[in-house]
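Breakdown of the fold
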Amino acid sequence: MTGDLYHLDDLASRERLDAGHEIPARLAVIGCPVAHSASPRMHQPALDQAGIAARYVKVEVEPGRVAEAFRRMRELGFIGCNVTVPHKFEALAACSRVDPAAAEMGAVNTVVFGESATCGYNTDGPGFEAAVAEAFGLPLHGLDVLIAGAGGGAGGALAAHCARAGVKRLVLANRSLDKIEALATHLRGHHPGLPVEVLSLADPDLPSVARGCRLLVNTSSVGLKAQDPSPLPPESFSTGQMVFDTIYQPPLTAFLAAARAAGAETANGASMLLHQGIHAFRIWFPGSDPAAAMRQGLAAG
Ligand code: ATR
């Protein structure tokens, strides 16, 4: 089976971790819970295709133990790891060196255990940008972008990436305003020329503001459950818009369905999952081309 499931305690020794396996575990995704992660389905086929003798495994790590997990993986000679919910902030703090883009996004999802440093990166931003380019054929640069649910970790990270990518205008919308006001202040400080607006999801002006944006993105958790409503009212959508949901399960959320009904172009988070994975693999193995193997692995389910 791809992506064997371990616990932090299994990182105690090579004997324990690799019992019953010829190939050593040298890459992992850590999270809590992590059993559902699709990452092994992408990374193992890419490793196999490249002829790299390494298993990519899942390791469940409780909150507060990320630094310990890194220390143990380093000691066992791991190449690196991916980091998923809820550890992306703790991972940033546990790295001895952090890529400037990841530092601004406030989150790390990819780690390299180098000789002298544990280095943190964030491939969610570049993965999102590649997914938007693939789905809609446009770069983020110069776009008017609205992020719905910008108060969570994913929203903050994508907002920071949009700002760095040179969007023309950024609208942050959220159920509660406190978190996005803090985020807007932070972004304005780092990107003085960028107009950053803040809006409640309940604001009566939201639909008209949204219709004025070319790219609408859902980063809220609204839509994960099949019966969830769209985080934006149906009047927010119009033809000519590009509408992206970071959720990929279910594949057609109420957000995307409402956008399609209004004639907008839509894409879900499946391609972002793929592209953040491609970027991570290339950080571990510069010059590699894992895209085809990863696509196949994901499609095989
Ligand atoms: P995190 O990613 O940091 O774990 P989360 O609790 O999963 O955060 O929430 C992600 C986003 O979904 C947040 O923007 C959250 O809005 P708040 O900041 O107001 O909590 C949003 N969200 C979650 N449930 C929601 C709901 N029922 N309606 C609207 N937005 C919601």
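See the structure above.
These numbers come from a predicted model, not from an experiment.

A closer look at the sheet that holds strand β1 (residues 5–7)
One open sheet holds the seven strands; their spatial order is β1-β3-β2-β4-β6-β7-β5, and the pairing between them is mixed. Each end of this open sheet is capped by a strand with a single partner; those strands are β1 and β5 (97–98). Relative to strand β3 (residues 55–60), β1 runs parallel, the two being bridged by three bridges. Within β3, the residue paired with Leu-5 across the bridge is Lys-58. Strands β2 (25–31), β3 and β4 (80–83) of the sheet are contacted by helix α2 (residues 39–50), whose axis makes an angle of about 155° with β3.

Focus: the pattern of salt bridges
For the structure shown, the criterion picks out 15 salt bridges. Put simply, Arg-14 and Asp-18 hold a salt bridge, and the shortest N to O gap is 2.7 Å. Placement of both Arg-14 and Asp-18 in helix α1 (residues 14–18) is noted, with a separation of four residues, approximately one turn of the helix. Across the pair Lys-88 and Asp-124 runs a salt bridge, and its minimum N-O distance is 2.8 Å. Placement of Lys-88 in helix α4 (residues 88–94) and of Asp-124 in helix α6 (residues 124–136) is noted, with a sequence separation of 36 residues between them.

Considerations on the site of the ligand
Taken together, the residues surrounding the ligand are Gly-149, Gly-151, Gly-152, Gly-153, Asn-174, Arg-175, Ser-176, Lys-179, Leu-201, Ser-220, Ser-221 and Val-222. Between the ligand and Gly-152, the relevant distance is 3.2 Å, taken from an oxygen atom to a main-chain nitrogen or oxygen of the residue. Asn-174 places a side-chain nitrogen or oxygen 2.7 Å from an oxygen atom of the ligand. Protein chains bury 63% of the 630 Å² of accessible surface belonging to the ligand in isolation. Along the lines of polarity and charge, the residues of the shell around the ligand split into two nonpolar, eight polar and two charged.

Reading the values: rules and limits
Residues numbered from 1 in each chain as written. Predicted model: local features only at pLDDT ≥ 70, side-chain atom pairs only at ≥ 80, totals over all residues. Heavy atoms only, no water. Pairing = 2+ DSSP bridges. Helix = DSSP H or I, 4+ residues; strand = E, 2+ residues; numbered from the N terminus. Contact = heavy atoms within 4.5 Å. Axes fitted to C-alpha atoms, helices over the stretch in contact; angles between N-to-C directions. Salt bridge = Lys/Arg side-chain N within 4 Å of Asp/Glu carboxyl O. Near = heavy atom within 4 Å. Polar contact = N/O pair within 3.5 Å; in protein donor to acceptor, adjacent residues only side chain to side chain. Areas by Shrake-Rupley, 256 points an atom, 1.4 Å probe, with all protein chains shown as cover. Nonpolar A, V, L, I, M, F, W, Y, C, P; charged D, E, K, R; others polar.

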